[in-house]
Amino acid sequence: NAGVTQTPKFRVLKTGQSMTLLCAQDMNHEYMYWYRQDPGMGLRLIHYSVGEGTTAKGEVPDGYNVSRLKKQNFLLGLESAAPSQTSVYFCASRGLIRSQPQHFGDGTRLSIL
Amino acid sequence: SQQGEEDPQALSIQEGENATMNCSYKTSINNLQWYRQNSGRGLVHLILIRSNEREKHSGRLRVTLDTSKKSSSLLITASRAADTASYFCATDQTNSGGSNYKLTFGKGTLLTVNP
């Protein structure tokens, strides 16, 4: 049972390049989330989705776009990467019941040079 | 803005001792959750306590919630070296714009258990 899988695990980009981070979950969860984790800042919500075809902005959405074309996948895009986007990115998913926990992937470590 | 704030930021203890971490928050909550993160890994859910509960146990974990003080504590008893990790509290706010989808995470407590 894979749970939440993130690809790639590591990536180095140059300023201005674009890339897409992929998150896949096999638990049939409705809700999916993208967070970034920076030293001393904890986890901050970038975007989230409450179902296939829907997305919404979180706390720090600027510079990122997302898509949820299939229920099991949630994509995070950086159109023009900036050094400030160097971070560890985590995807999570959750079922419909409010008291259910969020399940996390192991993260994508992204460096922007 | 951060809803939950953990205290202390870092804690170092000897194996066998108890570890206590605290979390304070600012607004009304539906529930509060604790997560653990091992180095280089994602967060793993430990325990959830609802706003109408005062204490909850799971194995060596004991969580308390005081809604009047807007605070929670996580106690790990008889700690082991394998408990070394970062611990985060996360709040499900009652009035999150009508959304029951989001959690707000604190900055975490780094626990080191020395063998």
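The following refers to the structure shown. (Residues numbered from 1 in each chain as written. Chains lettered and ligands numbered in written order. Predicted model: local features only at pLDDT ≥ 70, side-chain atom pairs only at ≥ 80, totals over all residues. Heavy atoms only, no water.)

1. Here's the deal with empty space enclosed by the protein
Working step 1: Taken as a whole and assessed by the stated rule, the structure comprises 1 cavity of 30 Å³ or more.
Working step 2: Estimates place the volume of the largest cavity at around 40 Å³.
Working step 3: The wall of the largest cavity is formed by 10 residues, among which A:Arg94, A:Arg98, A:Gln100, B:Gln33 and B:Leu103 lie closest to the centre.
Working step 4: Split into classes, the residues belonging to the lining of the largest cavity amount to 2 nonpolar, 4 polar and 4 charged. (1 Å grid on protein atoms, 1.4 Å probe; cavity = no way out; pocket = protein on both sides within 12 Å on 5 of 7 lines; lining within 4 Å. Points joined across faces, edges and corners; volume = space filled by probe spheres on them. Nonpolar A, V, L, I, M, F, W, Y, C, P; charged D, E, K, R; others polar.)

2. Details of the sheet that holds strand E3 (residues 19–25) of chain A
Paired through backbone hydrogen bonds, the strands of a sheet run either parallel or antiparallel to each other.
All names here are of chain A.
Working step 1: Sheet architecture is open: 4 strands sit in the order E1-E3-E8-E7, paired in antiparallel fashion. Looking at the sheet topology across the chains shown, the edges are occupied by strand E1 (4–7) and strand E7 (65–67). In this sheet, adjacent strand axes meet at a mean angle of 20° when their direction is disregarded. (Pairing = 2+ DSSP bridges. Helix = DSSP H or I, 4+ residues; strand = E, 2+ residues; numbered from the N terminus. Axes fitted to C-alpha atoms, helices over the stretch in contact; angles between N-to-C directions.)

3. With respect to the interface of chain B and chain A
Working step 1: Across the contact, 26 residues belong to chain B and 24 residues belong to chain A.
Working step 2: Here chain B meets chain A over a buried area of about 2000 Å², counting both sides, of which 48% is carbon and sulfur.
Working step 3: For the pair chain B and chain A, the interface holds 8 residue pairs in polar contact (both at pLDDT 80 or more).
Working step 4: Of all the secondary structure elements, the ones that give two or more residues to the side of chain B that touches chain A are strand E4 (29–37), strand E5 (43–50) and strand E9 (85–93) of chain B.
Working step 5: In terms of residue count, the dominant contributor to the side of chain B that touches chain A is E4(B) (5 residues).
Working step 6: Looking at the side of chain B that touches chain A residue by residue, the classes come out as 7 nonpolar, 14 polar and 5 charged. (Contact = heavy atoms within 4.5 Å. Buried area = accessible area lost by both parts, 1.4 Å probe. Polar contact = N/O pair within 3.5 Å; in protein donor to acceptor, adjacent residues only side chain to side chain.)

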